[in-house]
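Structural characterization, general
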Amino acid sequence: MTRLSDIPPLSRPGKRVGGEPADESDHFYTCKVCGQRVDKRDLRQVAWHKQPEHEPLEMDA
């Protein structure tokens, strides 16, 4: 299983478009492939879950 820390950080951070979400849960979605909750604020997680066939990403403690 791939760990989140195995994916290198981005050289440029993303920027928010629009206002802050009304609720913390709005930062997450459930991956349709593996069923794992994905934090949309972390582009590494988003990119991992865009792969057609993948396993859940092991989150670091």
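Residues numbered from 1 in each chain as written. Predicted model: local features only at pLDDT ≥ 70, side-chain atom pairs only at ≥ 80, totals over all residues. Heavy atoms only, no water.

Let's talk about the pattern of salt bridges
To keep things clear, this is the line we draw: One speaks of a salt bridge when a side-chain nitrogen belonging to Lys or Arg is within 4 Å of a carboxyl oxygen belonging to Asp or Glu. A helix here means a DSSP run of H or I that spans at least four residues, while a strand means a run of E at least two residues long, and both kinds are numbered starting from the N terminus. Accessible area is worked out with a 1.4 Å probe on protein chains only. A residue is then buried under 20% of its type maximum, exposed over 50%, and partly exposed in between.
Taken as a whole and judged by the stated rule, the model has five salt bridges. A salt bridge links E24 to R41, with the nearest nitrogen and oxygen atoms 3.1 Å apart. Taken together, the positions of E24 in the segment before β1 (28-30) and R41 in the loop between β2 (37-39) and α1 (43-49) put the pair 17 residues apart, joining distant regions of the chain. Here E24 falls in the partly exposed class, since its relative accessible area comes to 48%. Among the ionic pairs, D42 bridges to R44, the shortest N-O distance being 3.1 Å. By relative accessible area, which is 23% here, R44 ends up partly exposed. Because the salt bridges share partners, they merge into one network encompassing R3, E58 and D60.

Thoughts on the side chain of H49
Worth spelling out the cut-off: Contacts described as polar in this section are N or O atom pairs within 3.5 Å, which, within protein, must combine one atom able to donate a hydrogen with one able to accept it, while residues neighboring in sequence count only if both atoms come from side chains. Throughout, a contact is declared for two residues whenever any of their heavy atoms are within 4.5 Å.
Looking at the element boundaries, H49 is found in helix α1. Residue H49 is classed as buried on the basis of its relative accessible area, which comes to 6%. Side-chain polar atoms of H49 contact the side chain of Q36, separated by 3.2 Å. The contact partners of H49, leaving out residues within four places of it in the chain, are Y29, C31, C34, Q36, V38, H54 and L57.

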